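Here's the letter readout for the chains.
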Amino acid sequence: MSRPIISQQSNKIACNHCGYINEHSLIESGHCFQCERCHHTLFSETKNWETRIIALILTGIILFICSNSLPFLGLEAGFQTQSSTLLSGVIALYQVEQYLLSLLVFATIFLFPLIELLILCYVFINKYFNNKPPGISACLYFLSLARAWNMLDIFMVGVLVTSVKLGETATLIPGFGLLAFTLLIITLIVINLQLSSFHLWNWYKPENYFYTTEDDQYHGCLTCNAVISDKVWLQNGYCPRCSHKIEPRSKHSLQKTTALIIAASILYIPALAMPIMTITSFGRTTQDTILSGVIHLFQGGMWFIGLVVFVASILVPILKLLIISYLLKSVYKQQQTHRKVRQKLYKLTEFVGRWSMVDVFVITLLVALVQFGIIMNIRPEPAALAFAAVVVLTMLAAETFDSRLIWDEPKNKTG
């Protein structure tokens, strides 16, 4: 007969990067608590952070509306002017039948930022009135997903690169939508710096420690950092705190990551070799690959922008493929050395992988802005979709890789 599950509030917190069960103590405002084993930051303390975040969320919603409704960028070439809104690139991609690319850009610069703002608004309104409806648990889970795929900051870099690329051939006219967009990015960055999912979970469901007997072995929930014994896991299958499926290690993590890396490596070949866009100017048509675009920037004396594009579009994807492949090999071979180094490499892939979307956003902006009939037109080519797929697949590979496997002893290896 199964034992009853005991739940209580505890100072234990599981690290979702290495699986170590920490015991935290009270820390001063402005300080953070790190995992004792891998030094990943688990939470931080900030005074009056809830009040500030409510004000920032309301500001963010207003700025989001303004950035999507007001003129974003204009382009003047000769006697013609082309204006655009934030979503003009999405519409332009759809019109040239780049449906998947259009959907990806729409999701990363509109849908996920909107979801993030709406979830934050819903959670903090309930927290302000101390309401605890069941939907909060799902909201906190989807908030972490939305934040990972919100790419407004990368889109802004794409705007800067586009401005430099077009600076010598046309005049860019910034609109009030661009100003609101810039302020929105700053607002979201400040919110993410202030936001503490640890404190939100402690408010919503203070019980974070679940066991049947004190001598159980324990695992951590990747969603809410609760500490759960293996007997509770076997009985329940789901985290008693956040209701998400729990496993000592993510099922088939290595197989999924390996498949995603192989697919990304295959797609990266046509992404580099094939044309990424076609430029038609006064009846003359030229095609650019990713590499030729970088070379043109260097030849035009735009060294800094050329370096940014080279790093984001060529160096970062290659490094990410190599790093994740190395991590997979080290886990398959049950390597027991350099664990902290491998953990840092994994965190690096999580951080830099999304920045490769810069080239995709540059193409989106160019397609939206440069439509001047016979004077000049820009059209995306198949390599744009292939490259976007590489970025998405490598991001998914980093998410499916269970970094706790780095810290496992050989007898506990599962994949």
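Residues numbered from 1 in each chain as written. Predicted model: local features only at pLDDT ≥ 70, side-chain atom pairs only at ≥ 80, totals over all residues. Heavy atoms only, no water.

Q: Where do I start with the overall build of the chain in this structure?
A: For the chain, the helix and strand inventory stands at 14 helices and 14 strands. Taking 22 Å as the expected radius of gyration for a compact globule of 415 residues, we find that the chain reaches 24 Å, a close match to that expectation. Projected onto the principal axes, the alpha-carbon positions of the chain cover approximately 80 × 50 × 35 Å. Going through the 415 residues of the chain one by one, you find that 48% of them count as buried. Considering only contacts in the chain between residues 6 or more positions apart, those separated by 24 or more positions represent 69%. When the accessible surface of the chain is split by element, carbon and sulfur atoms take 64% of a total near 19,800 Å². In the chain, which carries 30 positive and 24 negative side-chain charges, the distance between the mean positions of the two groups comes to 5 Å. (Helix = DSSP H or I, 4+ residues; strand = E, 2+ residues; numbered from the N terminus. Rg over C-alpha atoms; globule rule 2.2 N^0.38 Å. Buried < 20%, exposed > 50% of the residue type's maximum accessible area, 1.4 Å probe, protein only. Contact = heavy atoms within 4.5 Å. Areas by Shrake-Rupley, 256 points an atom, 1.4 Å probe, with all protein chains shown as cover. Lys, Arg positive; Asp, Glu negative; His and termini not counted. Charge placed at Lys NZ, Arg CZ, Asp CG, Glu CD.)

Q: Explanation requested: empty space enclosed by the protein in the structure shown.
A: Leftover empty space is mapped by rolling, across the atoms, a probe with the size of a water molecule. Enumeration according to the criterion identifies 4 cavities of 30 Å³ or more in this entry. Lining the largest cavity we find 14 residues, and of these Lys165, Met277, Gly293, Val309 and Asp359 sit closest to its centre. Contributions of two or more residues to the lining of the largest cavity are made by α5 (152-166), α10 (290-299) and α13 (358-369). For the lining of the largest cavity, the element with the most residues is α10, which contributes 4 residues. (1 Å grid on protein atoms, 1.4 Å probe; cavity = no way out; pocket = protein on both sides within 12 Å on 5 of 7 lines; lining within 4 Å. Points joined across faces, edges and corners; volume = space filled by probe spheres on them.)

Q: Looking at this model, I keep getting lost on a nonpolar patch on the surface. Mind explaining?
A: On the surface, a nonpolar cluster with roughly 540 Å² of combined accessible area is contributed by Leu70, Phe176, Leu179, Leu183, Ile186 and Val190. Looking at where Phe176 falls in the secondary structure, it is placed in helix α6 (residues 176-194). By relative accessible area, which is 63% here, Phe176 ends up exposed. (Patch = residues over 30% accessible without salt bridge, like charges linked within 9 Å, V, L, I, M, F, W, Y side chains within 5 Å. Salt bridge = Lys/Arg side-chain N within 4 Å of Asp/Glu carboxyl O.)

Q: Hey, could you run me through the environment of Phe210 in this one?
A: Position of Phe210 among the secondary structure elements: in strand β9 (residues 209-211). Put simply, Phe210 and Ala226 are 16 residues apart on the chain and 7.9 Å apart in space, counted from C-alpha to C-alpha. When sequence neighbours within four positions are dropped, the list of residues in contact with Phe210 reads Ile5, Ile6, Ser7, Tyr218, Ala226, Val227, Ile228, Ser229, Val232, Pro240 and Arg241.

Q: Is there a simple way to think about the sheet that holds strand β10 (residues 218-220) in this case?
A: Strands in a sheet are paired, the pairing made by backbone hydrogen bonds, and the direction either parallel or antiparallel. Read from one edge to the other, the open sheet built from 4 strands follows the order β1-β9-β11-β10, with strand pairing classed as mixed. Two strands lie at the open edges of the sheet, namely β1 (6-8) and β10, each paired on one side alone. Across the sheet, the axes of successive neighbouring strands diverge by a mean angle of 20°, strand direction being ignored. Pairing of β10 with strand β11 (residues 227-229), which is carried by 3 bridges, proceeds in the antiparallel orientation. The residue of β11 that forms the bridge with Gly220 is Val227. (Pairing = 2+ DSSP bridges. Axes fitted to C-alpha atoms, helices over the stretch in contact; angles between N-to-C directions.)

Q: Looking at this model, I keep getting lost on helix α7 (residues 197-204). Mind explaining?
A: Within an α-helix, residues lying three or four positions from one another point in the same direction, as the helix has 3.6 residues per turn. The element α7 is extensively covered by neighbouring structure, given that 6 of its 8 residues are classed as buried. Tucked inside the fold, the buried residues of α7 contact β2 (12-14), β5 (41-44), α1 (49-69), α3 (99-128) and α4 (135-149).

Q: What is the right way to read the side chain of Arg241 from this model?
A: Inspection of the secondary structure puts Arg241 in the loop between α8 (230-236) and α9 (253-273). Buried charge without a salt bridge: Arg241, with Glu207 as the nearest opposite-charge side chain at an N-O distance of 6.9 Å. There is a polar contact of 3.5 Å between the side chain of Arg241 and the backbone oxygen of Glu207. Setting aside residues no more than four positions away along its own chain, Arg241 makes contact with Trp201, Asn202, Lys205, Pro206, Glu207, Asn208, Phe210, Cys224 and Ala226. (Polar contact = N/O pair within 3.5 Å; in protein donor to acceptor, adjacent residues only side chain to side chain.)

Q: What is the right way to read the packing of helix α11 (residues 303-332) against helix α14 (residues 382-400) from this model?
A: Packed helix pairs are characterised by how far apart their axes lie and by the angle those axes make with each other. As a packed pair, α11 and α14 sit with axes 11 Å apart at the nearest point and diverge in direction by 35°. As α11 runs across α14, the sense of the crossing is left-handed. Counting all contacts with α11, which are made through Ser313, Pro317, Lys320, Leu321 and Ile324, the residues of α14 involved are Phe387, Thr394, Met395, Ala397 and Ala398. When its residues are assigned to classes, the contact of α11 with α14 shows 7 nonpolar, 2 polar and 1 charged. (Left-handed = near helix turned anticlockwise from the far one by under 90°. Nonpolar A, V, L, I, M, F, W, Y, C, P; charged D, E, K, R; others polar.)

Q: I tried to follow the nonpolar core on my own but got confused; where do I start?
A: Inside soluble globular proteins, nonpolar side chains tend to come together where they are buried. Residues Ile109, Phe124 and Phe155 are the most contacted members of the largest nonpolar core, which totals 93 residues. If we skip the residues at most four places from it in the chain, Phe124 touches Trp49, Glu50, Ile53, Ile54, Ile57, Leu195 and Leu200. Phe33, Ile261, Leu327 and Ala397 belong to the second-largest nonpolar core, a separate cluster that totals 27 residues. (Core = buried A, V, L, I, M, F, W, Y, C linked by side-chain atoms within 4.5 Å.)

Q: Would you explain unusual backbone geometry in this entry?
A: Comment: phi is negative for the bulk of residues other than glycine, and the bulk of peptide bonds are trans. Residues other than glycine seldom take positive phi values, yet His39 does so here, at roughly 65°. With respect to the helices and strands, His39 occurs in the loop between β4 (32-34) and β5. What makes His39 partly exposed here is its relative accessible area of 40%. Located in the positive-phi region is Asn225, a residue other than glycine, with phi close to 65°. Counting through the fold element by element, Asn225 comes out in the loop between β10 and β11. Taking relative accessible area as the criterion, Asn225 reaches 14% and is therefore assigned buried.

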